[in-house]
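Coordinate inspection notes
Chain by chain, the residues run as shown.
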Amino acid sequence: MFGDLRELYQEVILDHGTNPRNHHRLEGATCQAHGNNPMCGDTLTVYLKLGGDGRVEAATFEGRGCAISMASASMMTEVLKGKTAEEIGRLFQSFHSLCTGEDDALDAGDQDSHADDDEDLERLNVLAGVREFPVRVKCATLPWHTMKAAMSGEDEVSTE
Ligand code: ZN
């Protein structure tokens, strides 16, 4: 089993997984939510600070879990900064498709052609390997589901 996972652990994932960015509690957070993935034991809290214009001023997370969940959370907090809820919603869709291998949303997104989205997706693409491992999809998407819950005013989300 672990041999199969080896290809997942690319350098970038390992780097973010062992040295996650924005891995701290956020002072002045305007919303936050807790996410739980019992299948793997990943647990994290996502903190967001939304500005008056509705854009994300800061995004951080606290928690522990496997390298995939930590790397995904780390990369997510990096790409959220400066984005509106609408932009984040679109990115969420695309990222979800990336992880599950369902490319419908990706194709739809291409018609609109948002250059920034493409750049972000390219960075997040290192996590696309999880689609070969259904259990790992939950690890990769947990931070995003948690972030979405935070933005919609929920405080708890579980993959179960
Ligand atoms: Zn995990």
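None of these values were measured; they are calculated from a predicted model.

1. Let's talk about helix H4 (residues 85–100)
One full turn of an α-helix is made of 3.6 residues, so residues set three or four places apart face in the same direction. For H4, with 16 residues, the first-to-last C-alpha span of 22 Å sits near the 22 Å given by 1.5 Å per residue. The set of residues buried in H4 consists of Ile88, Leu91, Phe92, Ser94, Phe95, Ser97, Leu98 and Cys99. Looking one or two residues past H4, Gly101 carries a phi angle of roughly 85°, positive in sign.

2. Concerning the coordination of the zinc ion
Each angle at a metal carrying four tetrahedral donors should ideally be 109.5 degrees, and each at a metal carrying six octahedral donors should ideally be 90 or 180 degrees. The protein atoms that coordinate the zinc ion are Cys40 (SG), Asp42 (OD), Asp42 (OD), Cys66 (SG) and Cys139 (SG), at distances of 2.2 to 2.6 Å. Positions of the donor residues of the zinc ion along the chain correspond to the pattern C-x1-D-x23-C-x72-C. Of this pair, Cys66 sits in the loop between strand E3 (56–64) and helix H3 (67–80) while Cys139 sits in helix H7 (residues 134–151), placing them 73 residues apart in sequence. A single burial state applies to Cys66 and to Cys139, both of which are buried.

3. Some details on the environment of Phe92
Mapped onto the fold, Phe92 is located in helix H4. In this structure Phe92 comes out as buried when scored by relative accessible area, which is 7%. Sequence separation between Phe92 and His145 is 53 residues; the distance between their C-alpha atoms is 8.5 Å. If near-sequence neighbours (up to four positions away) are discounted, Phe92 is found in contact with Trp144, His145 and Lys148.

4. Side note on the sheet that holds strand E4 (residues 156–158)
Strand order in the open sheet made by the 4 strands is E3-E2-E1-E4, with mixed pairing throughout. Strands with a single pairing partner mark the edges of an open sheet, and in this sheet they are E3 and E4. Taking the axes of each pair of neighbouring strands and ignoring which way they run, one obtains an average angle of 20° across the sheet. Two strands pair when backbone bridges link them, and strand E1 (residues 31–37) and E4 are joined in this way by 3 bridges, in the parallel orientation. Paired with Gly35 across the strands is Val157, a residue of E4. Most of the contacts of H3 go to E3, to which it runs at about 170°, and overall it touches strand E2 (42–50) and E3.

5. Concerning the packing of aromatic side chains
The tally for this structure, following the rule as stated, stands at 2 aromatic pairs. Taken together, the ring pairs in this structure connect Phe92, Phe95 and Trp144 into an aromatic cluster. The ring of Phe92 carries the charged tip of Lys148 above its face, separated from the ring centre by 4.7 Å.

6. Here we look at the environment of Leu48
Along the polypeptide, Leu48 turns up in strand E2. Beyond its immediate chain neighbours, meaning those up to four positions away, Leu48 contacts Leu26, Ala29, Thr30, Cys31, Val56, Ala58, Ala59, Leu80, Met147, Ala150 and Met151.

7. Examining a negative patch on the surface
There is a patch of like negative charges on the surface, built from Asp116, Asp118, Glu119 and Glu122. Residue position: Asp118 is located in helix H6 (residues 115–124).

8. Details of H6
Listing the buried residues of H6 in full gives Asp117, Asp120, Leu121 and Leu124. When H6 is viewed along its axis, its buried side chains cluster within an angular range of 100° and face the same direction. Opposite the packed face of H6, turned more than 90 degrees from it, sit the exposed residues Ala115, Glu119 and Glu122.

9. What to know about the confidence of the model for the protein
Per-chain confidence: the protein averages 88 in pLDDT, with 87% of residues scoring 70 or above. Averaged pLDDT values for the elements of the protein fall to 49 in helix H5 (residues 104–112) and rise to 98 in E2. Taken together, the stretch residues 105–111 has pLDDT below 50 and engages in 5 contacts with residues farther than four places along the chain or on a different chain.

Conventions adopted
- Residues numbered from 1 in each chain as written.
- Predicted model: local features only at pLDDT ≥ 70, side-chain atom pairs only at ≥ 80, totals over all residues.
- Heavy atoms only, no water.
- Helix = DSSP H or I, 4+ residues; strand = E, 2+ residues; numbered from the N terminus.
- Expected span 1.5 Å × (residues − 1).
- Buried < 20%, exposed > 50% of the residue type's maximum accessible area, 1.4 Å probe, protein only.
- Donors = N, O, S within 2.8 Å, 3.2 Å for Na, K, Ca; no water.
- Contact = heavy atoms within 4.5 Å.
- Pairing = 2+ DSSP bridges.
- Axes fitted to C-alpha atoms, helices over the stretch in contact; angles between N-to-C directions.
- Phe/Tyr/Trp six-rings, centres within 6.5 Å; stacked < 30°, edge-to-face > 60°.
- Lys NZ or Arg CZ within 6 Å of the ring centre and 35° of its normal.
- Patch = residues over 30% accessible without salt bridge, like charges linked within 9 Å, V, L, I, M, F, W, Y side chains within 5 Å.
- Areas by Shrake-Rupley, 256 points an atom, 1.4 Å probe, with all protein chains shown as cover.
- Salt bridge = Lys/Arg side-chain N within 4 Å of Asp/Glu carboxyl O.
- Lys, Arg positive; Asp, Glu negative; His and termini not counted.
- Charge placed at Lys NZ, Arg CZ, Asp CG, Glu CD.
- Arc of directions from axis to C-beta.
- pLDDT = per-residue confidence, 0-100.

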